[in-house]
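# Close look at the chain arrangement
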Amino acid sequence: MTEPHSSTLTRRSIVAATAAGVAALTAAARGEIIDVSAETSHNDHEESGSGTVVEMPFGALEDGTRISMIRMTNARYMEVGILTWGGIIQCLCVPDRDGRIANVSLGFNTASEYEANSPYFGAIIGRYANRIANGRFELDGEEFQLETNDGPNNLHGGPQGFDRRVYDWKDVSKDDVLAVRMSRVSADGEEGFPGELTYNVTYTLTNDNHLRIDYFATTDRKTVVNLTNHTYFNLGGEGSGNILDHVLQINASRFTPVDETVIPTGEHVEVAGTPFDFTKPKPVGQDIADTSSEQINRGQGYDHNWVLDRDGTDDLFEFATLSHEPSGRLMTCRTTEPGVQFYSGNFLDGSLIGISGQPYAYRSGLTLETQHFPDSPNQPDFPSTVLEPGDEYRSTTIYEFSIIDAD
Ligand code: BGC
């Protein structure tokens, strides 16, 4: 990892975080696990620091376009690095119970690896998260045919989705709260979607170790929108093994089962008595291999949308907790969305070499993609994903990092 190319890009001074801590974060972003326990406990008593936002070069795409990483570092040694390609979270560096920092998100060290190989690691997903059956839908009697890239279906917006685009970035930090906004305009007809969509995604890092992601979009013509983030989490640190020992709870008593091409059948099915029951905390590996479940077989593990037990509002709702006993890391998740796609990394097969030089083995990361339900444009009974001119699309998800209580 190279150092910032210009110190004038550093907008905020580090108050509580020490130089040693920042050096440790830089190393953690490279995949090294670093012990900053002494500095971390020091900071627990001194949280007046405002952190930093720094732009760093991150290589170039095949066509020569230069990519940056925008690195936010808070006063408690948590760091989030966002790429101007795909809005990708390349680094999500979080302390464990002993203050050792590791990158808990899977990814690569170079822009060219992201461009050539990435299964959506850390990226913004749009214009439509997950699948649209046969890449086709109708709006007001007009049929739209999208690019297809997953058998007959459109997956994550198509072959050139929002994960494969260059973004403008802006530091929108306020007071003690660090924030970076990635913006772009998606042309009318891009990947087959109607309407010019103007959108941005804001990543906010607080001194409570919360990463908040706010999505915003407007259109000049009726369209469909469903945005998410595709970070693969491994709370033991990327490259440290599989996620079967992670304990997951999802506040959802129903999920949307899928057909052979992983398109929802339209039903909402109770999770009780099935491998999909995460209403109480359960190790991810406990029922993942239950091949007596047709749905497990169709997803090749977990790759489904859970219907969150919301209270009828679109307020922020605590939808999941993910914990990892060996490191003590705990992630609590909130969203304004009605659903979450829990994907257990079933298509990772060891062929991709990640940030720390380790192959990403089968199920070595999992995603919790907040969303409207897959294929909603073709499912009249699902909550609508239509965006009209003059309306605003807004969605928020927060991933909060802390340490499991000792008792
Ligand atoms: C989908 C999977 C897909 C994966 C891509 C997930 O959101 O649900 O089916 O394979 O993204 O890596």
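Residues numbered from 1 in each chain as written. Predicted model: local features only at pLDDT ≥ 70, side-chain atom pairs only at ≥ 80, totals over all residues.

## Focus: the overall build of the chain
- For the chain, the helix and strand inventory stands at four helices and 28 strands.
- The buried share of the chain, reckoned over its 407 residues, is 50%.
- Taking the intrachain contacts of the chain between residues at least 6 apart in sequence as the baseline, contacts between residues at least 24 apart amount to 68%. (Helix = DSSP H or I, 4+ residues; strand = E, 2+ residues; numbered from the N terminus. Buried ≥ 20, exposed ≤ 12 C-beta atoms within 10 Å, placed from the backbone. Contact = placed C-beta atoms within 7 Å.)

## Quick look at the site of the ligand
- Near the ligand the following residues occur: Pro 119, Tyr 120, Asn 130, Val 262, Asp 303, Gln 341, Tyr 343, Phe 347, Thr 367 and Glu 369.
- Elements with a contribution of two residues or more to the shell around the ligand: β25 (339-343) and β26 (367-371).
- The residue inventory of the shell around the ligand, partitioned by class, reads five nonpolar, three polar and two charged. (Near = placed C-beta within 6 Å. Nonpolar A, V, L, I, M, F, W, Y, C, P; charged D, E, K, R; others polar.)

## Remarks on unusual backbone geometry
- The step from Gly 126 to Arg 127 runs through a cis peptide bond, and the omega angle for that step is 0 degrees.
- Relative to the helices and strands, Arg 127 is located in the loop between β7 (124-125) and β8 (131-132).
- For Gln 300, which is not glycine, the phi torsion reads 55 degrees and is therefore positive.
- Of note, Gln 300 is situated in the loop between α4 (294-299) and β22 (303-307).
- Judged by the 12 C-beta atoms lying within 10 Å of it, Gln 300 is exposed.

## A word on the sheet that holds strand β19 (residues 254-256)
- Reading across the sheet, the five strands line up as β20-β19-β22-β25-β26 and stay open at both edges, with antiparallel pairing between neighbours. Lying at the two open borders of the sheet, with one neighbouring strand each, are β20 (269-270) and β26.
- Direction of pairing for β25 relative to β26: antiparallel, over a ladder of five bridges. Bridging across to β26, Gly 339 finds its partner in Gln 371. (Pairing = 2+ DSSP bridges.)

## Looking at the nonpolar core
- Among the nonpolar cores identified, the biggest contains 86 residues, and Val 80, Ile 82 and Ile 250 are the most heavily contacted of them.
- Discounting chain neighbours no more than four positions away, the residues touching Val 80 are Met 72, Ile 89, Cys 91, Leu 92, Tyr 203, Leu 205 and Leu 211. (Core = buried A, V, L, I, M, F, W, Y, C linked by C-beta atoms within 7 Å.)

## Here we look at the environment of Ser 186
- Within the secondary structure, Ser 186 is located in strand β13 (residues 178-186).
- C-alpha separation for the pair Ser 186 and Arg 127, spaced 59 residues apart in sequence, amounts to 8.4 Å.
- When residues no more than four places from it in sequence are discounted, the contact partners of Ser 186 are Arg 127, Glu 196, Leu 197 and Tyr 199.

## Quick look at the sheet that holds strand β24 (residues 329-335)
- The sheet built from nine strands is open, its strands ordered β12-β13-β14-β15-β28-β24-β23-β18-β21 with antiparallel pairing. A strand with exactly one partner marks an edge of an open sheet, and here the two such strands are β12 (168-171) and β21 (282-283).
- Of the pairings in the sheet, the one linking strand β18 (residues 247-250) to β21 comprises two bridges and is antiparallel in character. Residue pairing in the sheet places Leu 248 in a bridge with Lys 282 of β21.

## What about the pairing of strand β14 (residues 197-205)?
- Taken across its nine residues, β14 has seven buried, putting it largely inside the fold.
- With nine bridges connecting them, β13 and β14 associate as antiparallel partners. What sits directly across from Met 182, in β14, is Val 201.
- Relative to strand β15 (residues 210-219), β14 runs antiparallel, the two sharing nine bridges. Bridging across to β15, Thr 198 finds its partner in Thr 218.
- From the end of β14 to the start of β15, which pair antiparallel, there are four residues, and Asn 209 there has a positive phi angle of about 65 degrees.

## Observations regarding the confidence of the model for the chain
- Looking at the chain, pLDDT values average 90 and 88% of them are 70 or higher.
- This stretch, residues 1-23, has a pLDDT under 50; its non-local contacts, to residues over four places away or in other chains, come to 52 contacts.
- Across residues 36-48, confidence stays below pLDDT 50; counting only partners more than four residues off in sequence or on other chains, it has 29 contacts. (pLDDT = per-residue confidence, 0-100.)

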